[in-house]
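The lines below spell out each chain.
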Amino acid sequence: MSHTLGIRQAQKQKTRQAFLDAALALLEEQSLSSLGLREVTRAVGVAPTAFYRHFRSTADLGVALVDEALGSLHPMVRTTVSTTGDSEERITRAVELIAHHVDAYPAHVRFIARERHGGVQPVREAIREQLARFAEEVKAELAKDPEAAGWNDDDLLMLAHLYVDQMLLTASLFLEALEAPEEERERVTRLATRQLRLISIGRSHWLG
């Protein structure tokens with residue numbers, strides 16, 4: 001009996017993932033607000049009624065995509081501001097990690113970039129909540145740094161939000177340069193490095 005339940009659960013998870021993959025592919029060309037339920041079920045090859053076994057609505061599907069796109073990134077985000085190495089090493093590591101992530105998951109990055117300010121409120125809220133979590137985690141990492149001595153919680157959180165916003169901007173820049181010549185990617189790398197360096201310089205003089 002348990003074996004049968006396990007097979008059914010695995011099949012259910014497989015179908016759910018198929019919905020997520022199909023929606024992500026369709027969203028390469030359109031926004032979530034224009035995505036139709038029948039469009040997704042047609043891409044998966046199931047009846048429209050099957051959709052409701054997994055999601056309440058396309059907005060619910062979008063929230064699940066947010067979790068898939070951002071939920072696994074928390075360790076990477078913490079790593080980008082880890083206290084390991086000096087300031088230049090951290091900046092280089094951060095830019096490299098972001099570039100590699102965009103190369104590996106361009107559809108996820110494009111989805112977040114488009115829907116962060118899109119027309120589906122639950123998805124906007126889900127993205128905002130994930131970014132707020134990132135900022136809290138970055139703040140916790142920043143607090144470990146000797147440079148954080150004397151900083152209050154509000155200022156540390158403000159700095160954390162600056163880093164998170166800059167990571168998103170950097171990801172968008174690499175996304176735009178995805179199919180560009182190598183010289184353009186190098187230009188983006190230099191620009192992203194300089195922008196992070198500027199935040200770092202401002203950070204070191206904030207309490208001066």
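Quick caveat: nothing in here was measured; it's all calculated off a predicted structure.

Quick question: what am I supposed to make of the packing of aromatic side chains here?
Any aromatic ring pair is given by two values, namely how distant the centres are and how the planes are angled relative to each other. Inspection of the entire model under this criterion finds 4 aromatic pairs. For the ring pair Phe-19 and Phe-55, a centre distance of 6.2 Å and an interplane angle of 85° mean the geometry is edge-to-face. One end of the pair, Phe-19, is in helix H1 (residues 2-26); the other, Phe-55, is in the loop between helix H3 (48-51) and helix H4 (58-70), and 36 residues separate them in sequence. Residue Phe-19 shares its accessibility class with Phe-55, and that shared class is buried. Between the aromatic rings of Phe-51 and Tyr-52, the centroid separation amounts to 5.6 Å while the plane-to-plane angle is 85°, which identifies the pairing as edge-to-face. A relative accessible area of 0% places Phe-51 in the buried class. Ring pairing ties together the aromatic residues Phe-19, Phe-51, Tyr-52 and Phe-55, which thus form one cluster.

Looking at this structure, I do not really get the environment of Ile-91. What am I missing?
Among the secondary structure elements, Ile-91 is positioned in helix H6 (residues 87-104). The exposure class assigned to Ile-91 is buried, which follows from its relative accessible area of 6%. Separated by 10 residues in sequence, Ile-91 and Val-81 have C-alpha atoms that sit 8.1 Å apart. Residue contacts for Ile-91: discarding those within four places in its chain leaves Thr-193, Leu-196, Arg-197 and Ser-200.

It is not clear to me how a nonpolar patch on the surface should be interpreted in this structure. Could you clarify?
Together, Met-158, Trp-206 and Leu-207 line one region of the surface with nonpolar side chains, adding up to about 310 Å² of accessible area. Considering the arrangement of structural elements, one finds Met-158 in helix H9 (residues 153-176).

When you look at helix H8 (residues 121-143) in this model, what are you seeing that I'm missing?
Note on helix geometry: an α-helix contains 3.6 residues per turn, so any two residues three or four positions apart are oriented the same way. The end-to-end C-alpha separation of H8 is 33 Å, in line with the 33 Å expected for 23 residues at 1.5 Å each. Listing the buried residues of H8 in full gives Val-123, Ala-126, Ile-127, Gln-130, Leu-131, Phe-134, Ala-135, Glu-137, Val-138, Lys-139, Glu-141 and Leu-142. Looking at the buried side of H8, the elements it contacts are H4, helix H5 (74-80), helix H7 (106-115), H9 and helix H10 (182-205).

Teacher, can you tell me more about the pattern of salt bridges here?
Once their charged atoms are close, side chains differing in charge can pair, the charge on each being opposite to the other. Taken as a whole and assessed by the stated rule, the structure comprises 12 salt bridges. With a closest N to O distance of 2.9 Å, Arg-197 and Glu-88 form a salt bridge. Pair noted here: Arg-197 is in helix H10 and Glu-88 is in helix H6, with a separation of 109 residues, a long-range link. On the accessibility criterion, Arg-197 (31% relative accessible area) is partly exposed. The residue Glu-141 makes a salt bridge to Lys-144 at a minimum N-O spacing of 3.1 Å.

Where do I start with the packing of H7 against H9 in this structure?
A pair of packed helices is characterised by two quantities: the angle between their axes and the separation of those axes. Taken N-terminus to C-terminus, the directions of H7 and H9 make an angle of 120°; their axes are 10 Å apart at the nearest point. Between H7 and H9, the angle is such that the two are oblique. Remark: the crossing between H7 and H9 carries left-handed chirality. Where H7 abuts H9, its residues Pro-106, Val-109, Arg-110 and Ala-113 lie against Ala-171, Ser-172 and Leu-175.

Calculation rules
- Residues numbered from 1 in each chain as written.
- Predicted model: local features only at pLDDT ≥ 70, side-chain atom pairs only at ≥ 80, totals over all residues.
- Heavy atoms only, no water.
- Phe/Tyr/Trp six-rings, centres within 6.5 Å; stacked < 30°, edge-to-face > 60°.
- Helix = DSSP H or I, 4+ residues; strand = E, 2+ residues; numbered from the N terminus.
- Buried < 20%, exposed > 50% of the residue type's maximum accessible area, 1.4 Å probe, protein only.
- Contact = heavy atoms within 4.5 Å.
- Patch = residues over 30% accessible without salt bridge, like charges linked within 9 Å, V, L, I, M, F, W, Y side chains within 5 Å.
- Areas by Shrake-Rupley, 256 points an atom, 1.4 Å probe, with all protein chains shown as cover.
- Salt bridge = Lys/Arg side-chain N within 4 Å of Asp/Glu carboxyl O.
- Expected span 1.5 Å × (residues − 1).
- Axes fitted to C-alpha atoms, helices over the stretch in contact; angles between N-to-C directions.
- Parallel < 35°, antiparallel > 145°, perpendicular 65-115°, else oblique.
- Left-handed = near helix turned anticlockwise from the far one by under 90°.

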